[in-house]
Amino acid sequence: MATHSIFQQYPLNKETVQTSAGTQPTPYHVYDGHAVLIGGTADLAAVKTLLKNERIVPAQTQSGRALMALWAVDEPNASHGAHTEMQVSFYVSHQPTAPVRDGEFALLNFLLNTPGARQLCHGLWNNTPEVVAYNHEILGLLPRLSHSSFQRVGNRTRFEFSDAETGQMLMRGDVSTLARQPMNAASAMFKSFGFLKALQAASVKTVTTYVTNPINAVLPRNADAKTLSASDSLIAQLFDPAQDKLELFAQPYTALDFKPAFIEHMRGFKMVYLNPQ
């Protein structure tokens, strides 16, 4: 279960932490899951307005769009028990960075190749009270409780999230799940990254991402938490409106003009999320 090197490097502590949902292990481990990352761009002015009280700078493309992603994650095997996650992320830095080259994979290019790149976990929903408590009280995030369904049927992955308190639908998706890397996605990645950086990205086995929290009462600064992730299978494909369906209802994100550009399926998804520094 926990044989991957990231769990050897950052094993569970002998001492647990106390939360409003009881004692829980730390750090946060996911041993097996299916993460669906849908990356794209959003209206830069609207994103800046949304993030005006944060002390970070939204990244932008050369054509002046913000970088944004939606996550739908099924995590049946984790240190905090089986759960799901919906996340709305923005890609930011603590200091201004140069605009990133336009292209379907501009988000990944920024995250993997820009020093100081951060993933701001802005909207977060989990379907168990224990994970909501841990993510808020220990990791300083702003999670809410959700109801969810996540299923893979043939070459389709379908997911649905709704707010547990209000019953409001948050996100619904039905996307293709390809068995191998498609040629048009490989070509688009070379275009976005450049040839050598695309080859380097394809060879990375463990991805280190620094996740930043929104400023809130528990953690009143934009702190950085180191995460390490690895997958048994990672397939990046272009978002095809003819066959990929995505509906975003969660507020305030519907007003940002999110345009999905790619889908990344991470099967056998493993992650360690360390406490913020």
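The structure reproduced in this document is the subject of the present report. It should be emphasised that the depicted structure is a prediction, and the values quoted were computed from it without experimental measurement. (Residues numbered from 1 in each chain as written. Predicted model: local features only at pLDDT ≥ 70, side-chain atom pairs only at ≥ 80, totals over all residues. Heavy atoms only, no water.)

This paragraph deals with the overall build of the chain. Along the backbone of the chain there are six helices and 16 strands. If one aligns the C-alpha atoms of the chain with their principal axes, the spans along those axes are about 50 × 40 × 40 Å. Per-residue burial for the chain yields a buried fraction of 51% across its 277 residues. Sequence-distant contacts in the chain: of pairs separated by 6 or more residues, those separated by 24 or more amount to 70%. Carbon and sulfur atoms form 53% of the exposed surface of the chain, whose accessible area is close to 12300 Å². Here the chain holds 22 positive side-chain charges and 22 negative ones, and the gap between their average locations is 7 Å. (Helix = DSSP H or I, 4+ residues; strand = E, 2+ residues; numbered from the N terminus. Buried < 20%, exposed > 50% of the residue type's maximum accessible area, 1.4 Å probe, protein only. Contact = heavy atoms within 4.5 Å. Areas by Shrake-Rupley, 256 points an atom, 1.4 Å probe, with all protein chains shown as cover. Lys, Arg positive; Asp, Glu negative; His and termini not counted. Charge placed at Lys NZ, Arg CZ, Asp CG, Glu CD.)

If the charged atoms of two oppositely charged side chains come close together, the side chains can form a pair. Counted according to the given criterion, the structure contains seven salt bridges. Ionic pairing is found between Lys270 and Asp232, a salt bridge with its closest N-O pair at 2.8 Å. Here Lys270 is found in strand S16 (residues 270-273), whereas its partner Asp232 is found in the loop between strand S12 (224-230) and strand S13 (233-238), with 38 residues between them in sequence. Judged by its relative accessible area of 12%, Lys270 is buried. Look at Asp232 and you get exposed, because its relative accessible area is 62%. A salt bridge links Asp257 to Lys259, with the nearest nitrogen and oxygen atoms 2.8 Å apart. (Salt bridge = Lys/Arg side-chain N within 4 Å of Asp/Glu carboxyl O.)

Here Gly103 is to be found in the loop between strand S6 (83-93) and helix H3 (106-113). Separated by 90 residues in sequence, Gly103 and Phe193 place their C-alpha atoms 8.6 Å apart.

Bringing the nonpolar core into the picture now. Core analysis: the largest hydrophobic core is formed by 39 residues, its most contacted members being Leu37, Leu67, Tyr91, Phe105, Leu108 and Tyr273. At the level of secondary structure, the elements contributing two or more residues to this core comprise strand S3 (28-43), strand S5 (65-78), H3, strand S7 (118-126), helix H4 (129-137), helix H5 (183-193), strand S15 (259-267) and S16. Sequence-distant contacts of Leu108, defined by excluding residues within four places in its chain, comprise Leu37, Asn113, Met189, Phe193, Phe262 and Glu264. Leu44, Phe161, Met171 and Ile263 belong to the second largest nonpolar core, which has 30 residues in total. (Core = buried A, V, L, I, M, F, W, Y, C linked by side-chain atoms within 4.5 Å.)

Following both chains from N to C, one finds H5 and helix H6 (residues 195-203) inclined at 120°, their axes separated by 7 Å at the closest point. On the basis of the axis angle, H5 is oblique to H6. Crossing geometry of H5 relative to H6 is assigned as right-handed. In this structure, H5 contributes Met189, Phe190 and Phe193 to the contact, and H6 contributes Phe195, Lys197, Ala198, Leu199 and Ala201. Taken together, the residues of the contact of H5 with H6 break down into seven nonpolar, no polar and one charged. (Axes fitted to C-alpha atoms, helices over the stretch in contact; angles between N-to-C directions. Parallel < 35°, antiparallel > 145°, perpendicular 65-115°, else oblique. Left-handed = near helix turned anticlockwise from the far one by under 90°. Nonpolar A, V, L, I, M, F, W, Y, C, P; charged D, E, K, R; others polar.)

An α-helical turn contains 3.6 residues, so a residue and the one three or four places further along point in the same direction. Residues Val131, Val132, Ala133, Tyr134 and Asn135 constitute the buried set of H4. Considering only its buried residues, H4 is in contact with strand S1 (17-19), strand S2 (22-24), S3, S6, S7 and strand S8 (143-153).

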